[in-house]
Amino acid sequence: MSILLLIGGLILFIGLVVVHEWGHFIMARRSGVEVEEFAIGFPPRAKLLKRKNGTIYTLNWLPLGGYVKLKGEHDADTTTGSFGATSLANKVKIMTAGVLMNVIVAFLLLTFLALVGMPKLVDNQFTVARNTKIINSRVFITDIEPNSPAAKAGLKLRDRIDAISKTGLCLGDNSNNDPFCTLTEPAGFKPLDSVKSLQKVTKSLGGQNVGILVSRDNKLMIVSSGLRSKSEVDSYNQAHHCNDQNYSGDRACEGYLGVVPTEYSLQRSTWSAPIVAAGLMKQFTVLTFKGLWSAIKGLGSIVAGLVTNNHVARENGQTVSSQQVAGPVGIFVLLKDGSILGYQFILMIIAVISLTLAIMNILPIPALDGGRLFVTLLFHAFKKPLKARTEDLIQGVGFAVLLVLLVLVTVVDIHRR
C-alpha cells in the first residue's frame, strides 16, 4: 500500500506541473495566441506524443517541470497570433493563469481533505472548532535517544506505537505463536492515541518490563523493553535542569522509553470545509513567507561570514537556509516517508506544494511567471520597448541562477538524508 501511495504521490506531483501549464495553454488559446508546444518535463525530448491544432505535445527526460511554448514569446513580437502581439491585459492573464490553477487545485484538495480527514501538520492549525472532530490519532517515533530502552529494544524511526502492555505478551489471537499479531481486544494493552497518553503510560509503568505494540511496514509486532525507573528519570533530569523555566528543550533530558514522539491526527469538518481550506491557505502562505525570509537571512549570514571570515556566522546561515528549502530529492523523501501515513497525508503534501508553486511563481523572480510579469509591466509602465535581446538576457540569467540553486538544494537534500 505504501508503494502505491508513493507512486500516486509522484504522479500527482507531476500533475501539478501539467495543471499549471494547462492554465497557460487554455488562457493563451482564449486570447488568440497560438501554442506551438505543450511539454511535460525539460529537454532533451523523450517522445512526441501527438500533434493537434498546430500544437505538438511532448514528453521530456528531465521531470523537473514543464512548459508551454507560445508563438512569438517576446514582448516585442508583432506577428499575428503571437504572444507579443496580444494586448497587455491578455499577457497578464496568460502569465498568471498557471498560478491561478495551482491555487484552485490547492483549495479543492484542502476542501476534500477537510471533509474526509485533514492531517494536522502544524501547531494551532486553522480549523472551525465547533465543526471539527478528531477521527483518528496515532503516535509515531521521530527520534530515539542513544542507549535508551527504545534503542536497546530495536525500535526504529517512523515506528507507530499503538499500545503498551505491562505483561509484554500478545493478548490477541496468537495460537500459532506468530510474532506479528492483531489484537482482538485491548485487554492488558493500553491504546495510545496521543503523545500525552504515551507519556502517562510509560510513567505509570516506569521501571517495569513492558510489551510495545508497534506498527512497522504495515505489520504489527510486539517489542519487549524495560522502561527507566522514575528515580532514574527524575535524578537525571533534575541534574540537567529539565524542569527549569529556562530549559530550552534539548536532547539532554530523558524519558522513560527514550523516544521523541509526534502525534499524527486527522480532523474532519462538514459545512465548514471550504472555510477551513481558505483559512489553511492563508496560514500556509504566511508560513511560506516566514520560511523564505528565514532562508534569505540565512543566505545573508553566509555572505557576511564569507566576507568577514566568520565561520560561526557562515555555518549558522547554512543551517538556517538549508532547513527552509527542499528540492526534488527532498520532495521524494517526504512523499516516501509520508506514504506510511495514508492517502490523506499525501494529498495534504500535494496541496501544500501546489500552493507553494503558486506563491513562488507569482513572486518577481526572473525566469518564473512572476519575474516575467514584473519585467513586462515595468517596461510598459515606463513606456519603453522591451527588446528581445534584453528579455532573453534577463530571463536567461534568471534561469541559470535557478538551475544553480536547484543543484545546491539537491546537494543539501542528499547531504541531510
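Attention here is on the structure that accompanies the text. (Residues numbered from 1 in each chain as written. Predicted model: local features only at pLDDT ≥ 70, side-chain atom pairs only at ≥ 80, totals over all residues. Heavy atoms only, no water.)

1. Overview of helix α4 (residues 195-204)
So, point 1. When α4 is considered as a whole, its buried residues turn out to be Val-195, Ser-197, Leu-198, Val-201 and Thr-202. Seen from one end, α4 has its buried residues packed into an arc of 160 degrees, which puts them on one side. Exposed and facing more than 90 degrees away from the buried side of α4 are Lys-196, Lys-200 and Lys-203. (Buried < 20%, exposed > 50% of the residue type's maximum accessible area, 1.4 Å probe, protein only. Helix = DSSP H or I, 4+ residues; strand = E, 2+ residues; numbered from the N terminus. Arc of directions from axis to C-beta.)

2. Thoughts on the pairing of strand β9 (residues 259-269)
So, point 1. Here strand β3 (residues 118-119) pairs with β9 via 2 bridges, running antiparallel. By the bridge assignment, Met-118 is partnered in β9 with Gln-267.
So, point 2. As paired elements, strand β4 (residues 132-144) and β9 share 11 bridges and run antiparallel to each other. Residue pairing across strands places Ile-134 opposite Gln-267, the latter belonging to β9. (Pairing = 2+ DSSP bridges.)

3. A few points about the pairing of strand β7 (residues 209-216)
So, point 1. Counting buried positions along β7 gives 7 out of 8 residues, so the element sits mostly inside the fold.
So, point 2. Between β7 and strand β8 (residues 219-226), which pair antiparallel and follow one another directly, the connecting turn spans 2 residues, one of which, Asp-217, has a positive phi of 55 degrees.

4. Points about a nonpolar patch on the surface
So, point 1. A surface patch of nonpolar side chains, amounting to about 310 Å² of accessible area, comprises Ile-3, Ile-7 and Ile-11.
So, point 2. Exposure remark for Ile-3: the relative accessible area of 56% places this residue in the exposed category. (Patch = residues over 30% accessible without salt bridge, like charges linked within 9 Å, V, L, I, M, F, W, Y side chains within 5 Å. Areas by Shrake-Rupley, 256 points an atom, 1.4 Å probe, with all protein chains shown as cover. Salt bridge = Lys/Arg side-chain N within 4 Å of Asp/Glu carboxyl O.)

5. Focus on the side chain of Thr-111
So, point 1. With respect to the helices and strands, the residue Thr-111 is situated in helix α2 (residues 88-116).
So, point 2. Ignoring anything within four residues of it in the chain, the contact list for Thr-111 reads Ala-273, Pro-274 and Ala-277. (Contact = heavy atoms within 4.5 Å.)

6. Focus: the packing of aromatic side chains
So, point 1. Counting across every chain of the model gives 6 aromatic pairs.
So, point 2. Judged by centre distance (6.0 Å) and plane angle (35 degrees), the ring pair of Phe-38 and Tyr-57 falls under tilted. Taken together, the positions of Phe-38 in strand β1 (residues 35-52) and Tyr-57 in strand β2 (residues 55-70) put the pair 19 residues apart, joining distant regions of the chain. Judged on exposure class, the residue Phe-38 and its partner Tyr-57 are both buried.
So, point 3. Taking NZ or CZ as reference, Lys-50 lies 5.3 Å from the ring centre of Tyr-57, over its face.
So, point 4. A cation over a ring is seen here: Lys-91 above Phe-83, with NZ or CZ 5.9 Å from the ring centre. (Phe/Tyr/Trp six-rings, centres within 6.5 Å; stacked < 30°, edge-to-face > 60°. Lys NZ or Arg CZ within 6 Å of the ring centre and 35° of its normal.)

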